[in-house]
Amino acid sequence: MNVLTLNSGSSSVKYQLIRPDKKEVLCSGQVERIGIDGTRIVHKTNDEKIKKELDISNHKGAIDSILEIMTDEEIGALEGLDEIDAIGHRLVHGGDKFAHSVLIDDDVMETLHECKDFAPLHNPPNIKGVEAAEERLPGKPNVGVFDTAFHSTLPPEAYLYAIPYRYYREESIRKYGFHGTSHYYVASRAAQMLDKDIENMNIITCHLGNGASVAAVKNGKSIDTSMGFTPLEGLVMGTRSGDIDPGVIFYIAEEENMSIEEANQFFNKKCGVLGLSEDTNDMRDLEEKALAGEKQYKITMDVYHYRIKKYISAYLGIMNGVDAIVFTGGVGENSDYTREDSLKNMDNLGIVVDKEKNDGLRGKEAIISADESDVDILVIPTNEELVIAQETARILKEK
Ligand code: ADP
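Quick notes on the rules
- Residues numbered from 1 in each chain as written.
- Predicted model: local features only at pLDDT ≥ 70, side-chain atom pairs only at ≥ 80, totals over all residues.
- Heavy atoms only, no water.
- Helix = DSSP H or I, 4+ residues; strand = E, 2+ residues; numbered from the N terminus.
- Buried < 20%, exposed > 50% of the residue type's maximum accessible area, 1.4 Å probe, protein only.
- Axes fitted to C-alpha atoms, helices over the stretch in contact; angles between N-to-C directions.
- Left-handed = near helix turned anticlockwise from the far one by under 90°.
- Contact = heavy atoms within 4.5 Å.
- Nonpolar A, V, L, I, M, F, W, Y, C, P; charged D, E, K, R; others polar.
- Near = heavy atom within 4 Å.
- Polar contact = N/O pair within 3.5 Å; in protein donor to acceptor, adjacent residues only side chain to side chain.
- Areas by Shrake-Rupley, 256 points an atom, 1.4 Å probe, with all protein chains shown as cover.

So, about unusual backbone geometry. Most peptide bonds take the trans configuration, and most residues that are not glycine carry a negative phi. Despite not being glycine, N219 shows a phi value in the positive range, around 50 degrees. Structurally, N219 is set in the loop between β10 (212–218) and β11 (221–225). With relative accessibility at 32%, the residue N219 sits in the partly exposed group. In this structure, N345 is a non-glycine residue whose phi angle is positive, near 55 degrees. Structurally, N345 is set in the loop between α13 (336–342) and α14 (355–358). Its relative accessible area of 68% is what places N345 among the exposed residues.

Here is the structure:
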């Protein structure tokens, strides 16, 4: 079975063509800068990478370009579109409506439209991606895999906010959590790598990319996670503040005369390590300058690492100890500095990183805990697309 996975953002569509049973990627790539100047496709096959300028202006145009390059006579992985069996979509926010992946039909589309307000940045482009796929690949099944689904097992004490209960009862305002597909993948993979049964494990997974979240995974189920009703809660991120005294939001909004929408944009787009460093949200730059001793960058990284450590410590407490801690995402997979600094001085809790195993490790699966560490510490590159393709195949089999 060939599954086309689509991750449709506001200005990009990332794709992979996957054989889920063989865990084989036939080709992958992304259309970038949709609706902006310089739209292009970057397409990767097993032996080459091609970049091509595109003259398109929307998601339908992007899907057309993807299908065209996949069936190109010279470099295409497919002879024709009939070789695509199904499309698996990454969908960000399922609200309280979707706790599992779904086969997309008219009712599901209607519900997705209703969930739009929950994730105004992510859900509308996700929906455009589904509509474009339905139009350009008529008759093919489309499956939605939600970022929130893995966290649907959170207990009420973890997902309720201390606001009048009717906001939960009537408006479904609660913690949902995100990056679920990634947390699920790395937790499962950690159990496999350690040759243990995930049903008997406590695992903390740290997905550290531009957006970032931590999850507490007990017996294979997510029981708490740092992102909330929206992706703004929790860790310090590239441009999001993460946890903050809501009083600061009121104060700055009043001081700067911001509307609610402007404040929303500000705390999502201008804060985090970008705001703290007053320079950039690129972790590579921040890390280099912090390690070179530049003060503003050092304090930025200290705040970033301290917040990760605080969440790990909280989840150690709620799970009464853990078997494994996993790092993933662009930063988690690549930054030895972040892994070491977030876990430093935790030896009394049985957490010790092996410096030699950690130093210089980038983008590869590895166990980086020291021999004397009670807790296994792992680095696992995430693979959300594989989970999406596998979920798509599973849903179609059950149909
Ligand atoms: P997104 O959340 O957009 O999917 P990614 O998971 O791709 O993000 O992570 C992007 C982040 O990873 C960027 O901040 C980038 O600087 C960081 N990153 C990539 N490589 C390294 C590296 N070698 N060291 C530190 N950070 C890195």
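A word on the packing of helix α10 (residues 283–291) against helix α11 (residues 295–318). Two elements in contact, α10 and α11, have axes separated by 8 Å at closest approach and are oriented at 115 degrees. Crossing of α10 against α11: the hand is left-handed. The segment α10 lies against α11, with M283, L286, K289 and A290 engaging Y297, K298, T300, M301 and Y304. Here the residues of the contact of α10 with α11 are counted per class, giving six nonpolar, one polar and two charged.

The next point concerns the site of the ligand. Neighbouring residues of the ligand: 14 residues in total, closest N210, D282, M283, G330 and N334. Separating an oxygen atom of the ligand from a backbone N or O atom of N210 is a distance of 3.0 Å. Here an oxygen atom of the ligand and a backbone polar atom of R284 are 3.5 Å apart. Notes on the ligand: free accessible area 580 Å², of which the protein chains cover 69%. When residues of the shell around the ligand are assigned to their parent elements, the largest contribution, four residues, is made by helix α12 (residues 329–334).

Geometric descriptors of this kind do not, in isolation, establish any biological role.
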